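Report on the structure
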Amino acid sequence: MTNEVTRRTIETVRGPMSWLEAGAGWPLVLLHAFPLTAEMWRPQLESAPVDWRFIAPELGSAVPAAGARTIDDYANDVAALLDALLIDDAVIGGLSMGGYVTFALFRKAPLLFSGMILADTRAQADTEEGRVGRMRMRELLGRDGAKAIADQMIPKLLSERARREQPDVAGRVRAIIETSPPRAMDAALDAMMRRPDSTADLPQISCATLIVVGEDDGLAPVTDADAMHRAIERSVLVTLPRAGHLSNLEQPEAFSRALADFLMAHL
Ligand code: MLT
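Below you will find a few notes about this structure. (Residues numbered from 1 in each chain as written. Predicted model: local features only at pLDDT ≥ 70, side-chain atom pairs only at ≥ 80, totals over all residues. Heavy atoms only, no water.)

For the rest of this paragraph, the subject is the packing of aromatic side chains. This model, assessed by the stated rule, comprises 2 aromatic pairs. Taken together, a centroid distance of 5.9 Å and an interplanar angle of 55 degrees make the contact between W41 and F255 tilted. Residue W41 is located in the loop between β3 (26-31) and α1 (42-46), and its partner F255 is located in helix α11 (residues 252-266); the two are separated by 214 residues in the primary sequence. Of the two residues examined, W41 and F255, each falls in the buried class. For the pair F106 and F113, a centre-to-centre distance of 5.5 Å together with 75 degrees between the ring planes defines the contact as edge-to-face. Overall, the relative accessible area of 9% leaves F106 in the buried class. Look at F113 and you get buried, because its relative accessible area is 8%. Stacked on the ring of Y74, the Lys or Arg R69 has its end atom at 5.6 Å from the ring centre. Taking the ring centre of Y100 as reference, the NZ or CZ of R195 above it sits at 3.7 Å. (Phe/Tyr/Trp six-rings, centres within 6.5 Å; stacked < 30°, edge-to-face > 60°. Helix = DSSP H or I, 4+ residues; strand = E, 2+ residues; numbered from the N terminus. Buried < 20%, exposed > 50% of the residue type's maximum accessible area, 1.4 Å probe, protein only. Lys NZ or Arg CZ within 6 Å of the ring centre and 35° of its normal.)

Written as structure tokens, this is what we have:
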């Protein structure tokens, strides 16, 4: 069965927030990667298991016209959305940048978490070299727009195999990036380059946690997932074969199965 996916917007104390959702029941929040939008979670929303309500917030929706954002701002936006939806605990997680926001939300409100999902992400902050790369990308975005960001990021987001054998996936990723607002992308780059290191928080995570990683992820590799698995006591690690960084899009069925198995076994 394929769930219907709907887009909604609500006024929160931090401004309007929009999100995609599907299913009904226990809430599960999926935070998207950079430079994508909540659309990247469509395969998982469509296959949300019975008794689960999957919610994918648009992290860019409350970005002001001018002014910097921090990873904590995104976490506060998600907390405000959950508050507006009268949700006081949920399974919460994200992929890559969505994982960075998950760590920030955990620091702010650990009791919100009935479970956690960390997909293709890492606990460490950016290196100096990484920060220089972010500055260059902000310049590129300002000069040449979203299409240039898609050209630069797609070879990192998707495995070489997916780019060769799954043109539909590559096309979908490009379409999502090219319709992502440049203002939201710039704010996300700024927030990511200034995010704190979350390594010391990992042992505090006491809820059941699913860690997923594509075996060919070059941005947040298996070694990072292993390190999180060793530090989070109640974690389960699933490595997805034939998947790169956007493992939920390259191997949507295997990703959704890992998620459903985890929810069935641990929540
Ligand atoms: C992402 O997928 O969210 C980004 O690649 C994360 C990053 O650049 O650190």
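Structure's up, so let's keep going.
So, on to the site of the ligand. Every residue close to the ligand is listed here: A33, F34, S96, M97, Y100, R122, R134, M153, M192, L219 and H245. One of the side-chain N or O atoms of R134 is found 2.7 Å from an oxygen atom in the ligand. One of the side-chain nitrogen or oxygen atoms of H245 is found 2.8 Å away from an oxygen atom of the ligand. Here the residues of the shell around the ligand are counted per class, giving 7 nonpolar, 2 polar and 2 charged. (Near = heavy atom within 4 Å. Polar contact = N/O pair within 3.5 Å; in protein donor to acceptor, adjacent residues only side chain to side chain. Nonpolar A, V, L, I, M, F, W, Y, C, P; charged D, E, K, R; others polar.)

With that settled, consider the nonpolar core. Formed by 92 residues in total, the largest nonpolar core has its most connected members in L28, F34, L36, F54, I92, V173 and L246. Among all residues touching L36, those that are not within four sequence positions of it are L157, V173, I176, I177, S180 and L246. (Core = buried A, V, L, I, M, F, W, Y, C linked by side-chain atoms within 4.5 Å. Contact = heavy atoms within 4.5 Å.)

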